[in-house]
Amino acid sequence: MRSTAHKVKIEDLVNGEYVHSPEGEPNHLVTPWNQEVLRVNLVATVVDDFIRDDGGYATLTLDDGTGTIRAKGWSEGAEELEKFEVGDLVTVVGKVREYEGEIHLVPEVIREMENPNWELVQELEILENRRKMLKEGVRPKFEKESEKGPQTLEISQPSEQESEEIGIVEELGESSGSEEEPEVSEDLKDNLLLALDKLEGEDGATLEDLSAEVDRSYSETEEALGVLLNEDKVYEPVAGRFKRLG
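Reading guide: rules and limits
- Every chain begins its residue count from 1, and numbering advances along the sequence as written.
- With pLDDT at 70 or above as the cut-off, local features in this predicted model cover only qualifying residues; side-chain atom pairs require 80 or more to be listed or tallied, and sums for whole chains, interfaces and linings still use all residues.
- Where side-chain values are given, they derive from all heavy atoms of the structure, hydrogens and water being excluded.
- Each helix is a run of DSSP H or I of at least 4 residues and each strand a run of E of at least 2, with the numbering of both proceeding from the N terminus.
- Each residue's exposure class comes from its accessible area (1.4 Å probe, protein chains only) as a fraction of the maximum for that residue type: buried when under 20%, exposed when over 50%, partly exposed otherwise.
- Residues are treated as being in contact if the distance between any of their heavy atoms lies within 4.5 Å.
- In these tables, accessible area is a Shrake-Rupley quantity obtained with a 1.4 Å probe, and a residue counts as shielded only by the protein chains included in the view.
- Site definitions follow a grid-based scheme: protein atoms alone, a 1 Å grid, a 1.4 Å probe that fits but cannot get out for cavities, and for pockets an open set with protein on both sides within 12 Å along at least five of seven lines, plus lining residues having an atom within 4 Å of a point.
- Grid points are joined across faces, edges and corners, and a volume is the space filled by probe spheres set on the points.
- Three classes are used, and their members are as follows: Ala, Val, Leu, Ile, Met, Phe, Trp, Tyr, Cys and Pro are nonpolar, Asp, Glu, Lys and Arg are charged, and the others, Gly among them, are polar.
- Here the bounds of each domain stem from an automatic or database domain assignment.
- Here, strands pair whenever DSSP counts at least two bridges between them.
- For patch detection, residues must exceed 30% relative accessible area and be free of salt bridges, and they are connected within 9 Å for like charges or within 5 Å for nonpolar side chains (Val, Leu, Ile, Met, Phe, Trp, Tyr).
- Every case where a carboxyl oxygen of Asp or Glu lies within 4 Å of a side-chain nitrogen of Lys or Arg is listed as a salt bridge.

The protein chain is annotated in an unreviewed UniProt entry as OB domain-containing protein from candidate division MSBL1 archaeon SCGC-AAA259E19.

Visitor: Go over the overall build of the protein chain, please, and point to the residues and values.
Guide: A tally of regular secondary structure across the protein chain gives 7 helices and 12 strands. Taking all 246 residues of the protein chain together, 46% fall into the buried category. Across the protein chain, every contact between residues at least 6 apart in sequence was considered, and the portion connecting residues at least 24 apart equals 59%. Taken as a whole, the protein chain presents about 13500 Å² of accessible surface, with 45% of it coming from carbon and sulfur.

Visitor: Describe empty space enclosed by the protein, and please don't skip the residues or the numbers.
Guide: Empty space among the atoms can be located by rolling a probe the size of a water molecule over them. The full count for this structure, using the stated rule, is 4 cavities of 30 Å³ or more. Empty space within the largest cavity amounts to approximately 100 Å³. Surrounding the largest cavity, Y18, H20, E25, P26, N27, R97, E98, L229, D232, V234, Y235 and L245 form its lining. Counting residues per element, the ones that place at least two in the lining of the largest cavity are β8 (89-99) and β11 (234-238). When its residues are assigned to classes, the lining of the largest cavity shows 6 nonpolar, 2 polar and 4 charged. There are two domains that each give the lining of the largest cavity at least three residues, and those are domain 1 (6-141) and domain 2 (186-244).

Visitor: Describe the sheet that holds strand β2 (residues 17-19), listing the residues and the values that go with them.
Guide: Pairing between the strands of a sheet is mediated by backbone hydrogen bonds and can be parallel or antiparallel. Pairing is antiparallel in the open sheet, where 3 strands are placed in the order β2-β3-β4. Looking at the sheet topology across the chains shown, the edges are occupied by β2 and β4 (36-37). Two elements, β2 and strand β3 (residues 28-30), share 3 bridges in a ladder whose sense is antiparallel. Paired with Y18 across the bridge in β3 is L29.

Visitor: Could you give an account of a nonpolar patch on the surface, with specific residues and numbers?
Guide: Where nonpolar side chains cluster on the molecular surface, the patch consists of L120, L124 and L127 and spans about 290 Å² of accessible area. Along the polypeptide, L124 turns up in helix α3 (residues 117-135).

Visitor: Any chance you could break down the pairing of strand β6 (residues 57-63) for me, citing the residues and the numbers?
Guide: Among the 7 residues that make up β6, 7 are buried, leaving the element largely enclosed by the rest of the structure. Burial of β6 is two-sided: the residues Y57, T59, T61 and D63 facing one way and the residues A58, L60 and L62 facing the other way are all buried. Here strand β5 (residues 39-51) pairs with β6 via 6 bridges, running antiparallel. If you follow D49 over to β6, its bridge partner there is L60. Pairing analysis gives 7 bridges linking β6 to strand β7 (residues 68-74), with the strands arranged antiparallel. Bridging from a neighbouring strand, L60 pairs with A71 of β7.

Visitor: Report on the pattern of salt bridges, specifying residues and quantitative values.
Guide: Overall, the coordinates contain 15 salt bridges when judged by the stated rule. A salt bridge links K9 to E123; the shortest N-O distance between them is 2.6 Å. In this pair, K9 is assigned in the loop between β1 (5-7) and α1 (10-14) and E123 in helix α3, connecting sequence segments 114 residues apart. According to the relative accessible area criterion, E123 is partly exposed, its value standing at 28%. Through salt bridges that share partners, K9, D64 and E123 make up one connected network.

In structure tokens form, the structure reads like this:
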């Protein structure tokens, strides 16, 4: 059964805590409002876009006035993201993911919002939901915001050019390629999954064991595991150990 797509603000995601499930269930994010979310529904403006030269990977940087986050797509997903331009107001339904400390979205549905009044409708729904939670005694925890703030700007940009204002994203040009998703062959991913079947045991397999089993460097193996994590084929029952999902 598909999980609910919670209507959220980007600040809820970038200030949330990503949880790696120890029981083989899908990973999820706990928002500052103590909501456990796997899938989200948000409305934001495209402030930057990137498409790799081979068309196999694309990102949109989204801003809703509370923060910025990237939506990532591969293959057919990249083709969908390529349809949008900077300045488009979009609604996104997608899965919350984390890779190398970066919270991002993998869109399931993304479309341009032609009537901007719907943005206000969603804003009011979120505010009403927060009002109800406050009435029930829930208090948001944003203590990490000042500590985590600089890391929440998920924008591919050299540090000397980083904007000091979270809500403003400069045109990035060719520098956007500095954080594109690593290219990982299907053969390597298949070999890693076979290696996990062989080595994972009860607690999961280590990077070192998997690297030796597939005869690849640590960095190559780590990049491939990152892609498999994003594809929901692998999870970490504990930090540094990996198992197949499903």
